[in-house]
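Residue strings, one per chain:
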Amino acid sequence: MLAEAQERLDEHFLSLSRERAGLGYPVYALEHGLDPSGILALRTALADALARDGALSRAHWLPWIVVAAEIGYDYDGDEYWDSFARAIPNWRAYGNRATIRTWFDAFAKRYGGFRPSGRWAQHFSIIAWPIAHAILPRDLQGQFARHLYDLRYELARRSGVPIGELGSIIRAGDPAGSSRFQHLLDQTELTARLVLALRDEDVLDAVPAIHRPTLARIVADLERRQSARDWLKEARTVLREARMRASAALSRRGGGTASRKDAEPEGGNGARLVARQSAEGAWVLGVSLPDLAQIVRQAGLDPKTLDQTRFRLGDHTSRWMPGRGLLTLAKTEQRIRSLVQLASQSILYFERDIPCLSGLLAGAARIKGNSPWLLRIQEDGVARQLIGNYVRAGQNYLIVSEIELAPEIVHVLKLQAIAAGVEDGTVYILRIPRTLGANELKALDAIKIGHRLCANIEPMGLVPRWDGAAGCSVWLTTEELLLRLSADHPVQEFSVSVDGCPVVRIPVGNLPEAIVSLGCLPAGPHVIEVGALTKGAQGGQLEPERLDIDVRTPLPWRQGVRQQAGFRAIREPDDASLDNILDGKARLAIVGPPERAVAVDVKLFNLSGQPTERIPLGRVASLADEPALRRLLAKLAQGTRAEEIHSAPRVDLAFAVDELGVDTLSFFHKVRPLRWRLEVEDRAYSVRLIDEAGADHAVTIKQFNVSRPDVGVDVDYDQCLGGCAVAAPGALFVATSEKKPFSAIVSVPPQRDRIALTDLDAAVTVSPSLDGPKHIPRLLALLRHWSRAHQVLGPIGMVRKAEVCAAFEQRVAAIVCGTDWARRAWQCRATQIPSLDQLQREIGASPGFGSRLKSTDWRQAIGDGSAPTAFAHFAEVYRVSSDPELCALALQLALSPATVKFDTPDKGVPSWERLAQVPALAKGAFFVRLVVGLAINTVPTTEMVCA
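What counts, and at which threshold
- Along each chain, the written sequence defines residue order, and numbers are assigned to residues from 1.
- Selection of residues for local features in this predicted model requires a pLDDT of at least 70, selection of side-chain atom pairs for listing and counting requires 80 or more, and totals for whole chains, interfaces and linings are taken over all residues.
- Heavy atoms throughout the structure, all of them, feed into the side-chain values; hydrogens and water do not.
- Each helix corresponds to a stretch of at least 4 residues labelled H or I by DSSP, and each strand to a stretch of at least 2 residues labelled E; elements are numbered beginning at the N terminus.
- Relative accessibility under 20% of the residue-type maximum defines a buried residue, over 50% an exposed one, and the middle range a partly exposed one, all with a 1.4 Å probe and only protein chains included.
- Residue contacts are counted whenever heavy atoms from the two residues lie within 4.5 Å of one another.
- We get accessible surface area from the Shrake-Rupley algorithm with a probe of 1.4 Å; when it comes to residues, only the shown protein chains can shield them.
- A pair of strands is treated as paired once DSSP finds two or more bridges between them.
- Here an axis means a line fitted to C-alpha atoms, over the contact stretch when the element is a helix, while the angle between two N-to-C directions is reported on a 0 to 180 degree scale.
- Think of it this way: a Phe, Tyr or Trp ring, Trp meaning its six-membered ring, pairs with another when their centres are within 6.5 Å, and the plane angle makes it stacked under 30 degrees, edge-to-face over 60, tilted otherwise.
- Remark: a charge is flagged as sitting over a ring if the NZ atom of Lys or the CZ atom of Arg is within 6 Å of the ring centre and within 35 degrees of the ring normal.
- A helix's residues, less one, multiplied by 1.5 Å, set its expected span.
- Among buried residues, those of type Ala, Val, Leu, Ile, Met, Phe, Trp, Tyr and Cys that are joined through side-chain atoms within 4.5 Å constitute a nonpolar core.
- Polar contacts here mean pairs of N or O atoms no more than 3.5 Å apart (in protein, one a potential hydrogen donor and the other a potential acceptor; neighbouring residues in sequence count only if both atoms are side-chain atoms).
- Comment on the angle field: the value is read as roughly parallel under 35 degrees, roughly antiparallel over 145, roughly perpendicular from 65 to 115, and oblique elsewhere.
- Take the far helix as your reference; a near helix turned counterclockwise from it by less than a right angle gives a left-handed crossing, and one turned clockwise gives a right-handed crossing.
- Note that Gly is not counted as nonpolar here; it falls among the polar residues with everything else outside the nonpolar set of Ala, Val, Leu, Ile, Met, Phe, Trp, Tyr, Cys and Pro and the charged set of Asp, Glu, Lys and Arg.
- Put simply, a salt bridge is a Lys or Arg side-chain nitrogen that is within 4 Å of an Asp or Glu carboxyl oxygen.
- Summary of the metric used: pLDDT quantifies the predictor's per-residue confidence within the range 0 to 100.

> Now, about the overall build of the chain: what can you tell me, with residues and values included?
Scanning the chain for helices and strands turns up 36 helices and 38 strands. Here the chain, with 947 residues, has 52% of them falling under the buried criterion. Looking at the chain alone, contacts between residues at least 24 apart form 68% of all its contacts between residues at least 6 apart. Just so you have it, the chain exposes about 43700 Å², and 50% of that area is on carbon and sulfur atoms.

Shown next as structure tokens:
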């Protein structure tokens, strides 16, 4: 079966590749064309072959990547290779991820397959292939539909931009989805082609960008959810309406008749010319055949009649095909070899004439029109023939001619001759400027190409709403109606009429456009007509453009607040993370009526963006009470919930104020290519490394136990992939790839049926040998490892992390302040015994030094950045130290030790030795921390790098 599947898939993908040759459309592994039963049979056969052979077979590489793409389509964002192992038993034993990537690369080379790009593809260099070839995985479809809905008007407004720019617009749309969804948007070419395919599914194009059955499958899955179905329907409606004429932003009527004629390729049932541009920029000329199968059916002709003859394309003199193969050419594009040969003859030739068939195809098998033919380059990058041979200002065209055009015409129209893959004839690119002069019009007339002129209306300032039921744009009585007026030809003046009132004439002189304010119109329907009087010998009144609008009164406040919250939650800076807010490095506030209370909930989401849990956090009596809000949010860093919150890919803080509504702030945690997973079975804890980076560089792993946090032990990479046992109380695991650490703290409870409070004590011990100023760089490096762990797993993991970090900080304090004073200062933080006054007296130096430190408002000084200057000033005044750099270093070491860095560890040793020789300065700095800690739990910190 696998050999047959390999051959069948190879033929299928080669067929897709040949169809898309020169068009720039990549091929995706998901476009395999198999039904669900075929996919299941393929999985079963591959699993049996893997169990039998114990290795992946190169002879069946296509079935493997098809199944890999299918698994990517069902991928839920948790772990791709776990999903793969569930679908293919024995994969863990015999599978090879690098081989899958190699085969995807071979797929891209052989069939012109899609190549993933972007930062995510670089970090996840193996799984990026099957997930990208899944086009739009199921778990991201709802988010994509919502994102497309949110961007529908922007995409419609800029529908004519190139593929690359369209993808960038989609990526820059500020999505509120999961991090995986943002990674999908990094594939700008993929998302742009997907949007165009969804928009143009109703257009029976010869060569679609995505295989029609595959696109139909994605759409069907999208529409399974009511919300996604509604979003997609509305977005497609807006985008499809924009195909008519992008500048008709305000009206669906009026001058649209002419623009529609010009925008859509015409030709009835006849063949038409088409040209597509390859990824390298070369144009390929072809002919798009009509629906030949429908013509045969409508004539009541038995398809068996076609078996009586053979046929060939007119410029393929030696390539005869079976007569029934004519049906397979329906609505396809065929590349042209000889333009002259097809210009005056039939595209199809029959070896044996069948009268009824020849008559049916007489018109359909000929290229409509005469040389030169005009093709408009449309928003999807494809040039399609226009039967009317009319051009519009600001558009780009191809002119296809049997003979070379006169040099003077080429010069006036600035035509650029291009190669289009034909043996004869000439193809030019024609770029029509915003305004056409008399010479250009004369040159166009000489080659029998006309032009259409029209007045254009576009909105200025406010973006109008659209009422699909009434078929008009909607404004409010409080909104000033500003319009930009322009035309496709130099004009002397514009004329504006509102509701049939006398026309107002607006002279424009040499200006290309005019901006007109109609003021605030009264409620009700209105009709606005805009015309223009052209300049020059061809002067005359342009066809007016009509705008239908409906002006409505604003909603009453009590009704409007149901649709939009009457308050707003803000964070400063806007890109602050949840950790920044909890650490005091960022501000969170609520702007709204101060007398109102707010309820705060926490919502957790998985990697797919689906909600997993809602946690009521509490209420704050006043929207203006920021300290109370900070205290409430501090719960997120405490207790058993802290691990869940810090490990969730997305956390939403929802703020509800009764009838004023709800506002939400979303925080995302990055999904890293190397990450850790905790697994518990029969109370046995193990941690497993998930490596989805696919990097060619080696990964080194170290383990630091909670009880001895400064002692690192090397751990085997393969052992961590399979699962590494972790004993109580837990450990820190650090995987390093390309000098980047990926760490996790794993907490393990005592393995006893009954656990007392004393059993929860981790008994953290830092090696006695790490004593003295020269060891401070090592202690700070270990502190950074533990405090900046990317993941915290297991029960009371945050408690274990805090215990270890406190042990390192206490050892550093003991080195610079003295063991006894540092120990008693730590006791004072917890129990206020000994008293703060006693510790103040033991600082040393002048008594006034400690007194000033205690009386200063350090919270404000830290907040405005003046703390280092104030501390250095007090140290100098009381003759503790006159070195401001040493004073700043002491204060940073006390307030935020994990942020202290030197260019090299050895460079900081002299500074630590000098600080240890001035214990009063060090004690003063840690006394400041004690003063701040007793007054407020959170200390804002700013990371500094010491030179």
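Having put the structure on the table, let's press on.
> Outline the sheet that holds strand β4 (residues 321-322), listing residues and values.
One open sheet accounts for three strands, arranged β4-β3-β6; its pairing is antiparallel. Each edge of the open sheet is held by one strand with a lone partner, namely β4 and β6 (348-350).

> Got a sec to walk through the sheet that holds strand β35 (residues 740-747)? Specific residues and values, please.
Within the open sheet, the five strands sit side by side as β32-β31-β34-β35-β36. Their pairing is mixed. Both outer strands of the open sheet, β32 (712-714) and β36 (791-793), are each paired with one neighbouring strand and no more. Across the sheet, the mean angle from the axis of one strand to that of its neighbour is 25°, orientation sign disregarded. Pairing analysis gives eight bridges linking strand β34 (residues 730-737) to β35, with the strands arranged antiparallel. Looking across to β35, one finds that Thr 736 is bridged to Pro 741.

> How would you summarise the packing of aromatic side chains if you had to cite specific residues and measurements?
Summed over all chains, the structure comprises 18 aromatic pairs. Between Trp 81 and Phe 84 the ring centres are 5.4 Å apart and the planes differ by 40°, which places this aromatic pair in the tilted class. Separated by three residues within a single helix, Trp 81 and Phe 84 lie in helix α4 (residues 80-87), roughly one turn from each other. The pair formed by Trp 81 and Phe 84 is uniform in burial state, with each residue classed as buried. Aromatic rings pair up to connect Trp 64, Tyr 80, Trp 81, Phe 84 and Trp 91 into one cluster. Its end group placed over the ring of Tyr 149, Arg 152 keeps NZ or CZ at 3.9 Å from the ring centre. In this structure, Arg 650 packs its charged tip against the face of Phe 605, placed 3.9 Å from the ring centre.

> Describe helix α3 (residues 61-74), and please don't skip the residues or the numbers.
If you check α3, its first and last C-alpha atoms are 20 Å apart, about what 14 residues at 1.5 Å a residue would give, namely 20 Å. Within α3, 13 of the 14 residues are buried, which leaves the element mostly enclosed by the surrounding structure.

> Could you give an account of the nonpolar core, naming the residues involved and the relevant values?
Among the nonpolar cores identified, the biggest contains 67 residues, and Trp 858 and Phe 871 are the most heavily contacted of them. The residues touching Trp 858, leaving out its near neighbours within four places in the chain, are Leu 853, Ala 867, Ala 870, Phe 871, Phe 874, Val 928, Val 931 and Val 932. Counting 45 residues, the second largest nonpolar core, distinct from the first, contains Leu 62, Trp 64, Trp 103 and Phe 104.

> Please provide a residue-by-residue account of the side chain of Arg 571, values included.
Along the polypeptide, Arg 571 turns up in strand β23 (residues 568-572). Separated by 3.0 Å, the side chain of Arg 571 and the backbone oxygen of Ser 666 make a polar contact. Excluding anything up to four places from it in sequence, Arg 571 contacts Ala 576, Ile 581, Arg 587, Leu 588, Leu 665, Ser 666 and Phe 667.

> Lay out the packing of helix α31 (residues 847-855) against helix α33 (residues 867-877) with the relevant residues and their values.
Helices that pack against each other are described as a pair by the angle of their axes relative to one another and the distance between those axes. Contact pair α31 / α33: the axes reach a minimum separation of 9 Å and the direction vectors enclose 160°. Relative to α33, the element α31 lies roughly antiparallel. Handedness of the crossing formed by α31 with α33: right-handed. Contacts between α31 and α33 involve Phe 849, Arg 852 and Leu 853 from the former and Phe 871, Phe 874 and Ala 875 from the latter. Looking at side-chain class alone, the contact of α31 with α33 contains five nonpolar, no polar and one charged residues.

> Please provide a residue-by-residue account of the pairing of strand β29 (residues 674-681), values included.
For a regular strand, the rule is simple: side chains alternate between the two faces of the sheet. Both β29 and strand β30 (residues 684-691) contribute to a ladder of eight bridges, which runs antiparallel. Considered in β30, the bridge of Glu 681 is made with Ala 684. Where β29 folds back on β30, the antiparallel hairpin that results is connected by two residues, among which Asp 682 adopts a positive phi of roughly 55°.

> Before we move on, can you summarise the pattern of salt bridges with the specific residues and values?
Under the defined criterion, the tally for this structure stands at 29 salt bridges. A salt bridge links Arg 92 to Asp 82, with the nearest nitrogen and oxygen atoms 2.2 Å apart. Pair noted here: Arg 92 is in helix α5 (residues 91-94) and Asp 82 is in helix α4, with a separation of 10 residues, a long-range link. For Asp 82, a relative accessible area of 8% gives the class buried.

> Report on the environment of Leu 770, specifying residues and quantitative values.
Take Leu 770: it is sitting in the loop between β35 and α27 (776-787). Separated by 45 residues in the primary sequence, Leu 770 and Ile 815 have C-alpha atoms spaced 9.6 Å apart. Ignoring any residue separated from it by four or fewer positions in sequence, one finds Leu 770 in contact with Asp 710, His 775, Arg 778, Leu 779, Leu 782, Arg 811 and Ile 815.

> Outline α27, supporting the account with residue identities and numerical values.
Side chains three or four residues apart in an α-helix point the same way, a direct result of the helix having 3.6 residues per turn. Between its terminal C-alpha atoms α27 stretches 16 Å, which fits the 16 Å expected from 12 residues at 1.5 Å a residue. Inspection of α27 places Ile 776, Pro 777, Leu 779, Leu 780, Leu 782, Leu 783, Arg 784 and Trp 786 among the buried residues, and these make up the whole buried set.

> Could you give an account of unusual backbone geometry, with specific residues and numbers?
A cis geometry characterises the amide bond from Ser 371 onward to Pro 372, with omega recorded as 0°. Geometrically, the link from Ala 728 to Pro 729 is a cis peptide bond, its omega value of 5° lying close to zero. Of note in the backbone geometry, Lys 448 takes a positive phi value of approximately 60° without being a glycine. Summarising the element assignment, Lys 448 is placed in the loop between α21 (438-446) and β13 (450-451). Relative accessible area serves as the criterion here: at 69%, Lys 448 is assigned to the exposed category.

> Describe the environment of Arg 859, and please don't skip the residues or the numbers.
Tracing the sequence through the fold places Arg 859 in helix α32 (residues 858-864). You can call Arg 859 partly exposed: its relative accessible area is 46%. Through-space distance from the C-alpha of Arg 859 to that of Gly 933 is 9.7 Å; in sequence the pair is 74 residues apart.

> Please set out the packing of α27 against helix α28 (residues 797-817) residue by residue, giving values where relevant.
Where α27 meets α28, the axes come as close as 9 Å, and the angle between the chain directions of the two elements is 160°. The orientation of α27 relative to α28 falls into the category roughly antiparallel. By crossing handedness, the relation of α27 to α28 is classed as left-handed. Of the residues in α28, those in contact with Ile 776, Leu 779, Leu 780, Leu 782, Leu 783, Trp 786 and Ser 787 of α27 are Lys 801, Val 804, Cys 805, Phe 808, Glu 809, Arg 811, Val 812, Ile 815 and Val 816.

> Go over the pairing of strand β18 (residues 491-498) with me, naming the residues and quoting the values.
Within β18, seven of the eight residues are buried, which leaves it mostly tucked inside the rest of the structure. Looking at chain direction, β18 and strand β19 (residues 504-507) are connected through four bridges and run antiparallel. When the bridges of β19 are listed, Phe 494 appears paired with Ile 506. In this antiparallel pair of consecutive strands, β18 and β19, the connection spans five residues, and Asp 499 shows a positive phi of 55°.

> Explain the confidence of the model for the chain residue by residue, including any values.
On average, residues of the chain score 80 in pLDDT, and 82% of them reach the 70 mark or higher. Within the chain, helix α34 (residues 884-895) carries the highest mean pLDDT (94), whereas helix α16 (residues 256-263) carries the lowest (34). A low-confidence stretch, residues 244-268 stays under pLDDT 50, and its non-local contacts, those more than four residues away or across chains, total 61 contacts. Taken together, the stretch residues 556-565 has pLDDT below 50 and engages in nine contacts with residues farther than four places along the chain or on a different chain.

> Account for the side chain of Arg 677, with residues named and values stated.
Mapped onto the secondary structure, Arg 677 falls in strand β29. Within polar-contact distance, the side chain of Arg 677 engages the side chain of Asp 82 at 2.9 Å.

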